[in-house]
Amino acid sequence: MRGRGDESQKKNLITGLCAAAIFFGFLYVYNGSIFGSSTPSALRKLGSSYLGGDGDGDEKQEDSTSKYSLDDADDGIIARNFPVCDDRHSELIPCLDRNLIYQLRLKLDLSLMEHYERHCPPPERRFNCLIPPPPGYKIPIKWPKSRDEVWKANIPHTHLAHEKSDQNWMVVKGEKIVFPGGGTHFHYGADKYIASLANMLKFSDNNLNNDGNLRTVLDVGCGVASFGAYLLSSNIIAMSLAPNDVHQNQIQFALERGIPAYLGVLGTKRLPYPSRSFELAHCSRCRIDWLQRDGILLLELDRLLRPGGYFAYSSPEAYAQDEEDLRIWREMSALVERMCWRIAEKKNQTVIWQKPVNNDCYMGREPGTQPPLCRSDDDPDAVYGVAMEACITPYSNNDHKVKGSGLAPWPARATAPPPRLADFGYSKDIFEKDTEIWQKRVDNYWSLLSPKTSPDGIRNIMDMKANMGSFAAALKNKPVWVMNVVTEDGPNTLKIIYDRGLIGSIHSWCEAYSTYPRTYDLLHAWTVFSDVERKGCSAEDLLIEMDRMLRPTGFIIIRDKKSVIEYVKKYLAALHWEEVTTANPTSDSEQDVDEVVVFVVQKKLWLTSESLRNSE
């Protein structure tokens, strides 16, 4: 077009360029505001001061690219400051983000609940900003008082209180939300309902723990987890499970209360727990279609139940009020009978089924009976991103002969060598030595933390690399609970952890964890950064994720090589963390003990300028 004087062409060119500029500008702002953290509309400056720490909120951003190599920690890395995400992202869960699903136009089957399963952002869509607390955020109420009340400002969602007002889920009272202990099925309190289950099973003193033999429970569709909350007084620990669905923030309320909980759904993928993890599975009006896809969801529960484990099902179908309920009950009864479950007890609106203790019933079924037994090459403990199978997992020859799990009652179970140690070639001596070492380490951790926190200052703990669970076992007498995380590419020792009467999940630290922001008081990272480095994942992403999960004023204990500690120290100001102490570990069997450092940091409480204005 050069040299031509056609005015109309010039106008068309100018119009086209303007339209293109507007289009790309829109894309930049839109995508950035939802997924990125470099777009001004997605970010907010910190206030001129932090609550609980010093700092300048107007500090300029560093544009230099961060280096991730931990071995180069002494070469003068200068960490840039992390910007702060927009306040509307204060509850961001990166791998369970509905906006991501819509923006990437993922083709998901809503009837199979795929939209509630994990879908992690690609690298270019990840946030690299800090998640702000909501306006007016307060340090959470301490356990055990937190079981019954939380600050409304910390989870400013009251729709469940109105929607479930007749069921005593939760009630708004001034600045607090209180939890009377009710549920859809147990309006008059979870404690009475739990006692009734124990009575149905004829357990002594109406105590559901059955003299310590019933310890781990899976509560699916848990609501605000009052069932799990009231089990704790009976020395029973429940994994309360629910998706981030139309009843949003159920799991957030549970964790804010100090109750073990996990965001998950019975959809198409196996739950991140190994086979034979729970003595009891529970569903109270959990709105799950158990008959779908040849009973695949019931078969997932079957995989997770121990030999002789129970499934307590409280629902209208259990007492068949109308024709549709009766149809469901008949079909469900036929299905579980083919699965070799038997009715342990049925009363009013509740039925409790029991799984067999050996393979006799499976072997006695007619040829071609559905559902089939799983293939011999199917690993029932492979769970991370693994699709569910509509089949029954039979017991090994040894388990068939034992006719049960062979586990000690709780609390002896926490330190007794479990039978599945043999699956890893671990001896009793190795197990006992590991238990002894971690007891000493945990005692040392508590002495390091004691000047900075009160005895009730820590409730929710995550062990980011749990191995055999000895860190959590060492805390069994303290008023805390531990989410034990076992990495997806290492030995699947999570079944040892469940056999010890503890709970946890499989995860990869190259991705974000399935929890809300600000849900843990303490993170324990034993060689986690070194592992991430070997995988070629971003240590910076891991720091941001740890900050997302950690409550303000919470602690992180990093036990790793010196170069890792020096690397993390360069990010303290950017993350608004402060060093508590750096210590050399006490001499134990740790390899290269001279190269290992224990580093403790605390997260400051800060609010954005916008949050400060909104809370005034």
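Residues numbered from 1 in each chain as written. Predicted model: local features only at pLDDT ≥ 70, side-chain atom pairs only at ≥ 80, totals over all residues. Heavy atoms only, no water.

Some thoughts on helix H8 (residues 323-338)
Residues that lie three or four places apart on an α-helix share one face, since the helix turns once every 3.6 residues. Over its 16 residues, H8 extends 23 Å from the first C-alpha to the last, a length consistent with the 22 Å expected when each residue adds 1.5 Å. Packing partners of the buried residues in H8 comprise helix H7 (292-304), strand E10 (305-314), strand E11 (342-347) and strand E12 (350-354). At the C-terminal side of H8, Cys340 shows a positive phi close to 75°. (Helix = DSSP H or I, 4+ residues; strand = E, 2+ residues; numbered from the N terminus. Expected span 1.5 Å × (residues − 1). Contact = heavy atoms within 4.5 Å.)

Quick notes on the confidence of the model for the protein chain
Summarising the model, the protein chain shows a mean pLDDT of 85, and 81% of its residues fall at 70 or more. Every residue in residues 1-14 scores below 50 in pLDDT, and together they form 3 contacts with partners more than four places removed in sequence or on other chains. This model gives residues 22-42 a pLDDT under 50, and the stretch forms 42 contacts once residues within four places in sequence are excluded. (pLDDT = per-residue confidence, 0-100.)

Comments concerning helix H11 (residues 428-449)
With 22 residues, H11 extends 32 Å from end C-alpha to end C-alpha; this agrees with the ideal 32 Å at 1.5 Å per step. Phe431, Asp434, Thr435, Ile437, Trp438, Arg441, Val442, Tyr445, Leu448 and Leu449 are the residues of H11 that are buried. Structurally, H11 contributes buried residues whose contacts are with helix H12 (470-473), strand E16 (520-526), strand E17 (550-561), strand E18 (577-583) and strand E19 (596-603). (Buried < 20%, exposed > 50% of the residue type's maximum accessible area, 1.4 Å probe, protein only.)

Observations concerning the packing of aromatic side chains
For any pair of aromatic rings, geometry is given as the distance between the ring centres together with the angle between the planes. In the structure shown here, the tally under the stated rule is 24 aromatic pairs. Measuring from ring centre to ring centre gives 6.1 Å for Tyr313 and Trp353, while their planes differ by 25°; the resulting arrangement is stacked. You can see Tyr313 sitting in strand E10 and its partner Trp353 sitting in strand E12, a full 40 residues away along the chain. Considered together, Tyr313 and Trp353 belong to a single accessibility category, that of buried residues. Taken together, the ring pairs in this structure connect Tyr262, Tyr273, Phe278, Tyr498, Trp509 and Tyr513 into an aromatic cluster. Sitting over the ring of Trp151, Lys138 keeps its end group 4.0 Å from the ring centre. (Phe/Tyr/Trp six-rings, centres within 6.5 Å; stacked < 30°, edge-to-face > 60°. Lys NZ or Arg CZ within 6 Å of the ring centre and 35° of its normal.)

Regarding the environment of Thr435
Mapped onto the fold, Thr435 is located in helix H11. Separated by 20 residues in the primary sequence, Thr435 and Thr415 place their C-alpha atoms 7.1 Å from one another. Those residues in contact with Thr435 that sit more than four places away from it in its chain are Thr415, Ser470 and Arg500. In terms of polar contacts, Thr435 uses its side chain to reach the side chain of Arg500, at 3.1 Å. (Polar contact = N/O pair within 3.5 Å; in protein donor to acceptor, adjacent residues only side chain to side chain.)

A closer look at the sheet that holds E19
Pairing within the open sheet is mixed, and its 7 strands lie in the order E15-E14-E13-E16-E17-E19-E18. A strand with exactly one partner marks an edge of an open sheet, and here the two such strands are strand E15 (503-507) and E18. The sheet shows a mean angle of 20° between the axes of neighbouring strands, taken without regard to direction. Summarising the sheet, strand E13 (residues 460-463) and E16 pair through 3 bridges and their orientation is parallel. Across the sheet, residue Met462 finds its bridge partner in E16, namely Leu523. Packed onto the sheet, helix H14 (residues 528-535) meets strand E14 (481-487), E16 and E17 and runs at close to 70° relative to E17. (Pairing = 2+ DSSP bridges. Axes fitted to C-alpha atoms, helices over the stretch in contact; angles between N-to-C directions.)

Considerations on the pattern of salt bridges
By the definition in use, this model includes 30 salt bridges. Residues Lys535 and Asp489 are paired through a salt bridge, measuring 3.4 Å at the closest nitrogen-oxygen approach. Within this pair, whereas Lys535 is found in helix H14, its partner Asp489 is found in the loop between E14 and helix H13 (494-499), the two being separated by 46 residues in sequence. What makes Asp489 partly exposed here is its relative accessible area of 48%. (Salt bridge = Lys/Arg side-chain N within 4 Å of Asp/Glu carboxyl O.)

What about the sheet that holds strand E3 (residues 149-151)?
Taking strand neighbours across the sheet as the criterion, the 3 strands line up as E3-E5-E4 in an open arrangement whose pairing is antiparallel. The strands lining the two open edges of the sheet, one partner per strand, are E3 and strand E4 (171-173). Going from strand to strand, the sheet's axes swing by 30° on average, the running direction of each strand aside. As judged from the 3 bridges shared by E3 and strand E5 (residues 176-178), these two strands associate in the antiparallel manner. Each bridged residue has a counterpart across the sheet, and for Val150 the counterpart in E5 is Ile177.

A look at the state of the cysteines
Under the criterion given, the structure shown has 6 disulfides. The side chain of Cys95 participates in a disulfide bridge whose partner is Cys120; the two sulfur atoms lie 2.0 Å from each other. Looking down the S-S bond of the Cys95 and Cys120 bridge, the torsion is 110°, so its handedness is right-handed. Separated by 25 residues along the polypeptide, Cys95 in the loop between strand E2 (84-85) and helix H2 (98-104) and Cys120 in the loop between H2 and E3 bring together distant segments of the chain. Among the residues examined, Cys95 registers a relative accessible area of 2% and is labelled buried. (Disulfide = S-S within 2.5 Å.)

Looking at the nonpolar core
One broad rule of soluble globular proteins: the nonpolar side chains tend to lie buried together. Membership of the largest hydrophobic core comes to 140 residues, with the highest contact counts inside it found for Leu208 and Trp290. Per-domain counts for this core show at least three residues from each of domain 1 (189-401) and domain 2 (413-614). Those residues in contact with Trp290 that sit more than four places away from it in its chain are Val220, Leu266, Cys283, Gly295, Leu297, Leu298, Leu301, Phe311, Tyr313, Met332 and Leu335. Residues Val150, Met170, Ile177 and Phe179 belong to the second largest nonpolar core, which totals 8 residues. (Core = buried A, V, L, I, M, F, W, Y, C linked by side-chain atoms within 4.5 Å. Domains from an automatic or database assignment.)

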